[in-house]
Amino acid sequence: MIPATEPVQGNDRATYRQVLAEPRFRLLFATRTIAITAGSLRITTYSVLVFAVTGSALLSALAFGIGFLPQLFGSLLLGSLADRLPPRALITGGYALECAAALLLALVQMPIAASLGVMALVALATPVYGGASSRLVAQWLKGDAYVLGRSLNNIASSGAQLFGLALGGAVVAALGPHRALAVSAALYLGCALALRIRLPRLQPGEFGGTPDGARGGGAAVRASLHGAGRLLRGHTVRRLMLAQWLPPAFVTGAEGLIVAYAGGHGFAPGWYAVLMGCLPVGMLAGDLLIGRLLRPPTRERLVVPLTALTGLPLLLFAAEPGVGVSSCLLLLSGLGLAYGLGLQRPFLNALPPDGQGQAFGLLGSGSMTLQGVGPACFGAMAAGAGTGGAMALAGGAALLTAGWMLTWHPPHSPRKEHAA
């Protein structure tokens, strides 16, 4: 059981219909889903374009992952802006920046290094407007509605990424990579316009910012570093972030070995795609079942068992199962990722009121970074342990994380911790 960070109020179970009845959340949810689709389309297309120009698998892989690591630096150096600038301007500006980057890649022939730099610069801003959006969700959805709002975002994120990747292949085949990038830009532009027209303009007092919050780039960087340090020094916030970072990173590490596992075990062509789809399908099912059927206290009590479920099926890959058993194991592992729903209320309760936007940005950027590192680490282990053995090691790491969670003790008041 995960101890609550403060006395939990409002244990009534919300419904997805109630969450979607909030028009401001519905707008953020819809535009975010479209933007994730656009991002997946852009990343896939850009990777294809780089490979077509260079013929280098390394540069193509770098193009695919260039948007991950810079997010961590953006969160550390600019994250405070998510709490200090008007959210409508931030989120609209973020999508406009994504649109401009996609158009630049579509229309201007640049050296590969320059185009990678453009993608990296855009990634620096992602935690800022993403954190501002998450802060608004926390402000507008209360109690269990907030948890289900996060669940809906998880479901939409997984579905939009899968659709964007599939769309990328189809659009590139039909239109070519440059026109596909223009399609991505158009989707981003639509999101920016919708938010500019329909999202209310909040004053500083309404979103927790200060009128001079963004004065001077140096001041913003200092405030961001100070805010990140304050968050990570807080014992409760730090361990709740780690709990949300580590199991997905380990599962992603195993996911990165699926193609090699299928090829090494002689599975029929195309089965690797089925296996890769099992994890997100399991995650979608887990979010729907755990989010819709269980009350908030029950979700929080199941955090440790569900975390263990992410890792336990992966242990069985040490026995090198066939395609049918492998599919079931990956589905179960994905189902366990619903453990994160039980951490949402404790995490929100532990955050300082004036740092929520930066905290959400840091949470997302840290998760993206570790999910990029996970496949590299376990891929290296596969050289000695084999693909099945490395996937089992990833499962063992997730089980160790569940064991670490069992050692948690009820903390002191988070508000006192932040004030220290």
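Residues numbered from 1 in each chain as written. Predicted model: local features only at pLDDT ≥ 70, side-chain atom pairs only at ≥ 80, totals over all residues. Heavy atoms only, no water.

> Describe the overall build of the protein, with residues and values.
From N to C terminus, the protein includes 20 helices and zero strands. When contacts within the protein are restricted to residue pairs at least 6 apart in sequence, long-range pairs at least 24 apart make up 87% of them. (Helix = DSSP H or I, 4+ residues; strand = E, 2+ residues; numbered from the N terminus. Contact = heavy atoms within 4.5 Å.)

> Describe the side chain of T401, listing the residues and the values that go with them.
One can find T401 in helix α19 (residues 356-406). Every residue in contact with T401, bar those within four places of it in the chain, is listed here: L246, P247 and F250.

> Report on the pattern of salt bridges, specifying residues and quantitative values.
A full pass over the atoms with the stated rule returns six salt bridges. The salt bridge partner of R42 is E98, with a shortest N-O separation of 2.5 Å. Here E98 lies in helix α6 (residues 87-107) and R42 lies in helix α2 (residues 23-54), a separation of 56 residues in the sequence. Take R42: its relative accessible area is 8%, and that puts it in the buried class. On the basis of relative accessible area, E98 is assigned to the buried category, the value being 4%. Here R345 ties to E300 by a salt bridge, and the two come within 2.8 Å at their closest N and O atoms. With a gap of 45 residues between them, R345 in helix α18 (residues 344-350) and E300 in helix α15 (residues 296-301) connect regions that are remote in the sequence. Neither residue differs from the other here; R345 and E300 are each classed as buried. (Salt bridge = Lys/Arg side-chain N within 4 Å of Asp/Glu carboxyl O. Buried < 20%, exposed > 50% of the residue type's maximum accessible area, 1.4 Å probe, protein only.)

> Give me helix α4 (residues 69-78): which residues, what numbers.
For α4, the full list of buried residues reads P70, Q71, G74 and S75. Down the axis of α4, the smallest arc covering the buried residues is 145 degrees, so these residues share one side. Its buried side turned inward, α4 meets α7 (112-140) and α19. (Arc of directions from axis to C-beta.)

> Describe in detail the confidence of the model for the protein, supporting the description with residues and values.
Counting all residues, the mean pLDDT for the protein is 83, and 88% of those residues have values of 70 or more. Note on residues 1-9: pLDDT under 50 across the span, and 29 contacts to partners over four residues away in sequence or across chains. A low-confidence stretch, residues 411-420 (pLDDT under 50), is modelled with 23 contacts involving residues beyond four sequence positions or located in other chains. (pLDDT = per-residue confidence, 0-100.)

> Can you lay out the side chain of S184 for me, pointing to particular residues and giving the numbers?
Within the element layout of this structure, S184 appears in helix α9 (residues 177-198). Other than its neighbours up to four places away in sequence, S184 contacts A38, L41, R42 and A102.

> Mind laying out the nonpolar core, listing which residues take part and the relevant values?
The biggest cluster of nonpolar side chains holds 88 residues, and the ones touching the most others in it are Y95 and L330. With 13 residues, α19 is the single largest residue contributor to this core. With residues near it in sequence (within four places) discarded, Y95 still touches T31, R32, A35, Y129, Y188, C191, A192 and L195. (Core = buried A, V, L, I, M, F, W, Y, C linked by side-chain atoms within 4.5 Å.)

> With reference to specific residues and values, describe the state of the cysteines.
Applying the stated criterion to the full structure yields zero disulfides. Of the cysteine sulfurs around C328, a residue in no disulfide, the closest is that of C278, at 7.8 Å. (Disulfide = S-S within 2.5 Å.)

> Tell me about helix α12 (residues 235-255), and name the residues and values.
Over its 21 residues, α12 extends 30 Å from the first C-alpha to the last, a length consistent with the 30 Å expected when each residue adds 1.5 Å. Counting buried positions along α12 gives 16 out of 21 residues, so the element sits mostly inside the fold. (Expected span 1.5 Å × (residues − 1).)

> How would you summarise the packing of α12 against α19 if you had to cite specific residues and measurements?
Relative to each other, α12 and α19 sit at 40 degrees, their axes nearing to 4 Å. As judged from the angle between their axes, α12 and α19 are oblique. Handedness of the crossing formed by α12 with α19: right-handed. Considered class by class, the residues forming the contact of α12 with α19 number 22 nonpolar, eight polar and one charged. (Axes fitted to C-alpha atoms, helices over the stretch in contact; angles between N-to-C directions. Parallel < 35°, antiparallel > 145°, perpendicular 65-115°, else oblique. Left-handed = near helix turned anticlockwise from the far one by under 90°. Nonpolar A, V, L, I, M, F, W, Y, C, P; charged D, E, K, R; others polar.)

> Could you give an account of the packing of aromatic side chains, with specific residues and numbers?
Between two aromatic rings, the relevant description is the distance of the centres plus the angle of the planes. Scanning all chains against the criterion turns up eight aromatic pairs. Aromatic pair Y261 and F267: ring centres 5.9 Å apart, planes at 70 degrees, arrangement edge-to-face. F267 sits in the buried class, given a relative accessible area of 18%. Centroid distance W404 to W408: 5.3 Å. Interplanar angle 85 degrees. Geometry classified as edge-to-face. Judged by its relative accessible area of 9%, W408 is buried. One aromatic cluster in this structure is built from Y95, Y129 and Y188. Of note, R239 hangs over the ring of W408, and the distance from its end group to the ring centre comes to 4.6 Å. (Phe/Tyr/Trp six-rings, centres within 6.5 Å; stacked < 30°, edge-to-face > 60°. Lys NZ or Arg CZ within 6 Å of the ring centre and 35° of its normal.)

> Lay out the environment of L309 with the relevant residues and their values.
Positionally, L309 belongs in helix α16 (residues 303-315). Using a relative accessible area of 22% as the deciding quantity, one classes L309 as partly exposed. Separated by 93 residues in sequence, L309 and A402 place their C-alpha atoms 9.2 Å apart. L309 has contacts with L332, S333, L335 and G336, leaving out every residue within four places of it along the chain.

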